[in-house]
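The residues making up each chain are set out below.
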Amino acid sequence: VLSVSICGSLAMEYKFPEGFKFGVASAAYQVEGDPKSSDRGENIWDYMVHSRPEVISDRSDASMACDSYHLWRRDIEMMEELGVNMYRFSISWTRLLPTGYPNIISEDGKRFYNDLIDGLLEKGIEPIVTLYHCDLPQSLQDLGGWANPLVVDWFTDYANVVFSLYADRVKIWLTLNEPFGICDFGYMELAAPYFDDIKVGGYMCTKNTLIAHAKAYRLYDEVYRPKYHGKVSLSTLFFWFEPATPDDVEATELAIQFWAGRYDHPIFSKEGGWPKKLEKLMLENGKNEGYPYPRLPPLSLEEIELVKGTYDFYGLNHYTTRLIRKVEPGYKPGPYPLMTLDEINVEMIGHPDWKSTELNWFSVHPKGIRDQLNWLKNNYDLKEIIITENGMMSLDPSLVDTGRLEYIRDYMEQVMLAMQDGVPVTGYTVWTMMDNFEWLNGYNLKYGLYAVDFNSPNRTRTPRESARFYSSVVRSRTLRT
Ligand code: BGP
């Protein structure tokens, strides 16, 4: 680290270590498009946007999205422009297995991902592949989806097909993107399947995602690792939380355990299983509601052992920090359901000094990522952390995206500082390379280093200021603040 004083203010210069990876991320449903001309089967997002168009803020759908199904060569060119050396993308389950089951493997799907992987490797870009990023086959949703324990077999069969096709070339795998998003958002009307059923279906989903992840990990471990020596983990969506007042310290730790620990503790902690305090509290909550059994389905000793330790690194999706404040039971949340975690009676609020984005759940507080990385280091035994998503949303489509540029600069600086604290971060990935179908926000919300013209038939991609900035950091492996 070098520090230089310019006009009295301290400018810092950080050099990224040799081998540090810089990437960009995407997800199949958000960029690929083309469910019609290929044989891709229907998934839960297709079904939801067509049966309930009003839930998408601009009533759009992802039938064409960024058209990466046809324009993937242009996508790779953009990565070359940026100079990144890894690309995190996901495989669409129903593009590869149109029925959801391995009885039919789509030739077209197989070829599509083969070409993409080979195209990346030719340019020296490492593929990081997510097996599941929000797009469950509708055929499996019709049988109960993630709330049905059979999903474990469905997912493992699918994972086996993917590994058998691509594990010779793909060395870094993420089984699931954000189980919190799959279950908590999916069962609180914030994502497909768009159910209002958090306390039954949602918590069944919590358990089933863990078991499905673990089985896929162990499958790789036993069958593929001896030959291909890759790494497997998952990505956790982890808002960082700070206490609003000294009185809220305990509530904040509980909020961390409810949000991230519910999914992380069984996998990454030494003892495994649900976080103890949380498990107890949720059992009491159930009883108070006249429900005598644990709502968080118990994990048997075999299941605890099955899930524990199923990681080779930690994949972190970090966006924002919220303050945690205790509230009375029954407190009515604000306009965003996300703002309250009623299971543990806390509310998430912003800090008056933190810059806010246009959506009020998202504050800019770069130091949050450093504190969170240190928390991970102190709580789990981690040899490697890859930041699998970090980026800034805006409703402003302009190419001069100073806010995003500063966000990336300041968050990367805090990642650097965390590395100086001794946190083993080995890679950083921006969400996202280009504007895409941002789930319930359709095309209104922009996260892209590149802007995409969704009115042009060829989905023209144009770099923003943040793309130039990120590229200069990546190419020089130096961050200047
Ligand atoms: C992550 C998802 C991404 C992406 C991003 C922005 O949680 O993994 O797929 O969409 O969040 O999310 P949103 O559009 O909800 O702000």
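What this report covers is the structure whose coordinates are included nearby. (Residues numbered from 1 in each chain as written. Predicted model: local features only at pLDDT ≥ 70, side-chain atom pairs only at ≥ 80, totals over all residues. Heavy atoms only, no water.)

### Thoughts on the site of the ligand
Here is step 1 of the chain: Taken together, Gln30, His133, Asn177, Glu178, Tyr319, Trp361, Glu389, Trp431, Glu438, Trp439, Leu445 and Tyr447 make up the full set of residues near the ligand.
Here is step 2 of the chain: Here His133 contributes a side-chain N or O atom positioned 2.8 Å from an oxygen atom of the ligand.
Here is step 3 of the chain: Within the side chain of Glu389, an N or O atom sits 2.9 Å from an oxygen atom of the ligand.
Here is step 4 of the chain: In the complex, 87% of the free accessible area of the ligand, which totals 380 Å², lies under the protein chains. (Near = heavy atom within 4 Å. Polar contact = N/O pair within 3.5 Å; in protein donor to acceptor, adjacent residues only side chain to side chain. Areas by Shrake-Rupley, 256 points an atom, 1.4 Å probe, with all protein chains shown as cover.)

### Points about the sheet that holds strand E16 (residues 425–430)
Here is step 1 of the chain: As summarised here, the arrangement of the eight strands in space is E3-E4-E5-E6-E7-E9-E15-E16, forming a closed barrel in which the pairing is parallel. Pairs of neighbouring strands in the sheet enclose a mean axial angle of 25°, with direction left out of account.
Here is step 2 of the chain: When strand E3 (residues 21–25) meets strand E4 (residues 86–90), the two strands line up parallel, connected through three bridges. In the strand pairing of E4, Gly23 is matched with Met86.
Here is step 3 of the chain: Relative to strand E7 (residues 231–237), helix H9 (residues 198–228) is tilted by about 160°, and along the sheet it contacts strand E6 (172–177) and E7. (Pairing = 2+ DSSP bridges. Helix = DSSP H or I, 4+ residues; strand = E, 2+ residues; numbered from the N terminus. Axes fitted to C-alpha atoms, helices over the stretch in contact; angles between N-to-C directions. Contact = heavy atoms within 4.5 Å.)

### Re the sheet that holds strand E12 (residues 346–349)
Here is step 1 of the chain: Taking strand neighbours across the sheet as the criterion, the four strands line up as E8-E10-E12-E11 in an open arrangement whose pairing is mixed. Every other strand in the sheet has two partners, leaving strand E8 (240–243) and strand E11 (340–341) as the edge strands with one partner each.

### What to know about the environment of Tyr194
Here is step 1 of the chain: Relative to the helices and strands, Tyr194 is located in the loop between helix H8 (179–185) and H9.
Here is step 2 of the chain: Residues Tyr194 and Glu303, 109 residues apart in the sequence, show an inter-C-alpha distance of 28 Å.
Here is step 3 of the chain: Look past the residues within four positions of Tyr194 in its chain and what remains in contact with it is Met48, Arg52, Val55, Gly186, Glu189 and Leu440.

### Observations concerning the pairing of E6
Here is step 1 of the chain: Summarising burial for E6: six of the six residues are buried, a large majority.
Here is step 2 of the chain: Summarising the sheet, strand E5 (residues 126–132) and E6 pair through four bridges and their orientation is parallel. Note on E6: the bridge partner recorded for Ile128 is Ile172.
Here is step 3 of the chain: The sheet contact formed by E6 and E7 spans four bridges and is parallel. Pairing of Asn177 across the sheet is with Ser235, part of E7. (Buried < 20%, exposed > 50% of the residue type's maximum accessible area, 1.4 Å probe, protein only.)

### Here's the deal with the packing of aromatic side chains
Here is step 1 of the chain: Counted by the stated rule, this structure contains 45 aromatic pairs.
Here is step 2 of the chain: With centroids separated by 5.0 Å and ring planes inclined at 85°, the aromatic side chains of Phe163 and Trp173 adopt a geometry described as edge-to-face. Placement of Phe163 in helix H7 (residues 151–166) and of Trp173 in strand E6 is noted, with a sequence separation of 10 residues between them.
Here is step 3 of the chain: Assessed through its relative accessible area of 1%, Phe163 is described here as buried.
Here is step 4 of the chain: Accessibility expressed as a relative area gives 0% for Trp173, which makes it buried.
Here is step 5 of the chain: For the ring pair Phe163 and Tyr224, a centre distance of 5.5 Å and an interplane angle of 55° mean the geometry is tilted. (Phe/Tyr/Trp six-rings, centres within 6.5 Å; stacked < 30°, edge-to-face > 60°.)

### With respect to helix H13 (residues 367–379)
Here is step 1 of the chain: An ideal rise of 1.5 Å per residue puts 18 Å on 13 residues; H13 measures up with 18 Å between its terminal C-alpha atoms.
Here is step 2 of the chain: Taken as a whole, H13 has its buried residues at Gly368, Ile369, Gln372, Leu373, Asn374, Trp375 and Leu376. (Expected span 1.5 Å × (residues − 1).)

### A word on the side chain of Asp46
Here is step 1 of the chain: Along the polypeptide, Asp46 turns up in helix H2 (residues 44–51).
Here is step 2 of the chain: Judged by relative accessible area, which is 6%, Asp46 ranks as buried.
Here is step 3 of the chain: Within polar-contact distance, the side chain of Asp46 engages the side chain of Arg40 at 2.9 Å.
Here is step 4 of the chain: Residues within four places of Asp46 in sequence aside, it is in contact with Tyr29, Arg40 and Gly41.

### Topic: the packing of helix H10 (residues 249–268) against helix H11 (residues 276–288)
Here is step 1 of the chain: Look at H10 against H11: their axes get within 9 Å of each other, and the N-to-C directions meet at 90°. Comparing the axis directions of H10 and H11 gives the class roughly perpendicular. Residue-level inspection shows Glu250, Leu254, Gln257, Phe258 and Arg262 of H10 in contact with H11, the latter providing Lys277, Leu278, Leu281 and Met282.
Here is step 2 of the chain: Across the contact of H10 with H11, the residue classes break down as five nonpolar, one polar and three charged. (Parallel < 35°, antiparallel > 145°, perpendicular 65-115°, else oblique. Nonpolar A, V, L, I, M, F, W, Y, C, P; charged D, E, K, R; others polar.)

### Brief notes about H11
Here is step 1 of the chain: For H11, spanning 13 residues, the distance from its first C-alpha to its last is 19 Å, which sits close to the expected 18 Å at 1.5 Å a residue.
Here is step 2 of the chain: Its buried side turned inward, H11 meets H9 and H10.
Here is step 3 of the chain: Residue Gly290 follows H11 closely and has a positive phi angle near 80°.

### Here's the deal with the pattern of salt bridges
Here is step 1 of the chain: Summed over the entire model, instances satisfying the criterion amount to 31 salt bridges.
Here is step 2 of the chain: For the salt bridge of Glu13 with Arg480, the shortest nitrogen-to-oxygen distance reads 3.0 Å. Separated by 467 residues along the polypeptide, Glu13 in strand E2 (residues 9–15) and Arg480 in strand E19 (residues 478–480) bring together distant segments of the chain.
Here is step 3 of the chain: The salt bridge involving Glu107 is made with Lys110; its shortest N-O contact spans 3.4 Å. Taken together, the positions of Glu107 and Lys110, both in helix H5 (residues 107–122) and three residues apart, correspond to about one turn of that helix.
Here is step 4 of the chain: Taken together, the shared-partner salt bridges in this structure form one network comprising Arg74, Glu77 and Glu81. (Salt bridge = Lys/Arg side-chain N within 4 Å of Asp/Glu carboxyl O.)

### Some remarks on the packing of H9 against H10
Here is step 1 of the chain: For the pair H9 and H10, the least separation of the axes is 10 Å and the interaxial angle reads 35°. By crossing handedness, the relation of H9 to H10 is classed as right-handed. Mapping the contact onto sequence places Tyr203, Thr206, Thr209, Leu210 and His213 in H9 and Phe258, Arg262, Tyr263, Pro266 and Ile267 in H10.
Here is step 2 of the chain: Class assignment of the residues belonging to the contact of H9 with H10 gives a composition of six nonpolar, three polar and one charged. (Left-handed = near helix turned anticlockwise from the far one by under 90°.)

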